[in-house]
Amino acid sequence: MKSMFILGDSISKGVVLDEEKNRYKKIDESFSNILKDKLGFEVKNTGKFGATVKKGVKILDQNKAQLDEFDYTIIEFGGNDCNYTWSDVANEPNKKHEAKVSLDEFEIIYEELVAEIIKTNTIPIVMTLPPLDSNRFFNWISQGLEAKNILEFMNFDVNAIAKWHENYNAIVEKIADKYNLKVCDVNKAFKEYKDGDLLCSDGMHPNEEGHKVIAESLIKIIA
């Protein structure tokens, strides 16, 4: 039986936004569960809600001795790393605010994470970031806050955060290319998808259809 270890954030965990209750929930039809069902894979999923690549290093340290037992290891980080504490931004839009993990730090830590996984017998698969929907993301993060202050921080360009988010995706692609890794290009797959919407109303989490597309992309790599 083939097996897969998953290292990532809420996307890996299978978290979506419950549109009716306006809160997050875990779904059964996540990409990892689809892989289990369609390919019969044994999957160990260590995805954590809110995890950054720094958390990924800690999770890897706890599980590195087991990685030789898995055929593949998914690496999925970046969406939380590039995010800001929006309540702080809304309170002081003219102050310099830092992302949870700076771009330079993200590149260093992500590459170290990849290098450690390469040392094992598992095959790394890097997952790129789903593109943000700027308007929905802005509406989501500004709930209950001074939206105009957040927009001021973005230099009055609601697309600024999506452009910033793409910088982190570029780092993932750069490291994957450097080490000649297998890539599940979620970013490209979502941008090319023409049959409907793949994101929740928060503009950042893939919905159930999005998880199907992620699973399809992975199956093309490993099946």
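Before any of the text, the structure's been laid out above.
Rules used throughout
- Residues numbered from 1 in each chain as written.
- Predicted model: local features only at pLDDT ≥ 70, side-chain atom pairs only at ≥ 80, totals over all residues.
- Heavy atoms only, no water.
- 1 Å grid on protein atoms, 1.4 Å probe; cavity = no way out; pocket = protein on both sides within 12 Å on 5 of 7 lines; lining within 4 Å.
- Points joined across faces, edges and corners; volume = space filled by probe spheres on them.
- Helix = DSSP H or I, 4+ residues; strand = E, 2+ residues; numbered from the N terminus.
- Nonpolar A, V, L, I, M, F, W, Y, C, P; charged D, E, K, R; others polar.
- Buried < 20%, exposed > 50% of the residue type's maximum accessible area, 1.4 Å probe, protein only.
- Arc of directions from axis to C-beta.
- Contact = heavy atoms within 4.5 Å.
- Salt bridge = Lys/Arg side-chain N within 4 Å of Asp/Glu carboxyl O.
- Patch = residues over 30% accessible without salt bridge, like charges linked within 9 Å, V, L, I, M, F, W, Y side chains within 5 Å.
- Areas by Shrake-Rupley, 256 points an atom, 1.4 Å probe, with all protein chains shown as cover.
- Lys, Arg positive; Asp, Glu negative; His and termini not counted.
- Charge placed at Lys NZ, Arg CZ, Asp CG, Glu CD.
- Phe/Tyr/Trp six-rings, centres within 6.5 Å; stacked < 30°, edge-to-face > 60°.

Caption draft 1: Representation of the layout of surface pockets in the model. Of the voids in this model, the largest pocket is the one considered here, and its volume is about 420 Å³. Elements that contribute at least two residues to the lining of the largest pocket include exactly helix H1 (10–13), helix H6 (134–141) and helix H8 (160–178). Ranked by residues supplied to the lining of the largest pocket, first place goes to H6 with three residues. Split by residue class, the lining of the largest pocket holds 16 nonpolar, eight polar and three charged. Here the second largest pocket is characterised by a volume of approximately 190 Å³. For the second largest pocket, the full set of lining residues is Val183, Cys184, Asp185, Lys188, Ala189, Glu192, Tyr193, Val213, Glu216, Ser217, Lys220 and Ile221. Secondary structure elements with two or more residues in the lining of the second largest pocket: strand E7 (182–184), helix H9 (186–192) and helix H10 (208–222). Among the elements that take part in the lining of the second largest pocket, H10 stands out by supplying five residues, more than any other. By residue class, the composition of the lining of the second largest pocket is six nonpolar, one polar and five charged.

Caption draft 2: Main features of H6. Those residues of H6 lying buried are Ser134, Phe137, Phe138, Trp140 and Ile141. Relative to the axis of H6, the buried residues are bounded by an arc of 165 degrees and lie together on one face. Tucked inside the fold, the buried residues of H6 contact strand E2 (15–18), strand E3 (23–26), helix H4 (86–91), helix H7 (147–153) and H8.

Caption draft 3: View of the pattern of salt bridges. Taken as a whole, this structure holds 14 salt bridges when the rule is applied. Put simply, lysine 96 and glutamate 98 hold a salt bridge, and the shortest N to O gap is 3.7 Å. Overall, the relative accessible area of 68% leaves lysine 96 in the exposed class. In this structure, the salt-bridge partner of aspartate 197 is arginine 136, at a minimum N-O distance of 2.7 Å. Of this pair, aspartate 197 sits in the loop between H9 and H10 while arginine 136 sits in helix H6; the two residues are 61 residues apart in sequence, bridging distant segments of the chain. On the basis of relative accessibility, which here comes to 44%, the residue aspartate 197 falls in the partly exposed class. Through salt bridges with shared partners, one network takes in Lys64, Glu116 and Lys119.

Caption draft 4: The arrangement of a negative patch on the surface in detail. On the surface, Asp28, Glu29, Asp37 and Glu208 cluster together to form a negatively charged patch. On the basis of relative accessibility, which here comes to 60%, the residue aspartate 37 falls in the exposed class.

Caption draft 5: Main features of the packing of aromatic side chains. Enumeration according to the criterion identifies twelve aromatic pairs in this entry. Arranged with centres 6.5 Å apart and planes meeting at 40 degrees, the rings of tyrosine 84 and tryptophan 164 form a pair that is tilted. Taken together, the residues span a long stretch of sequence, with tyrosine 84 in the loop between strand E5 (72–76) and H4 and tryptophan 164 in helix H8 at a distance of 80 residues. Its relative accessible area of 11% is what places tyrosine 84 among the buried residues. Residues tryptophan 164 and tyrosine 168 carry aromatic rings whose centres are separated by 5.3 Å and whose planes lie at 75 degrees to one another, so their mutual orientation is edge-to-face. One end of the pair, tryptophan 164, and the other, tyrosine 168, are both in helix H8, four residues apart, so they sit about a helical turn from each other. Taken together, the ring pairs connect Tyr84, Trp86, Phe106, Tyr110, Phe137, Phe153, Trp164 and Tyr168 into an aromatic cluster.

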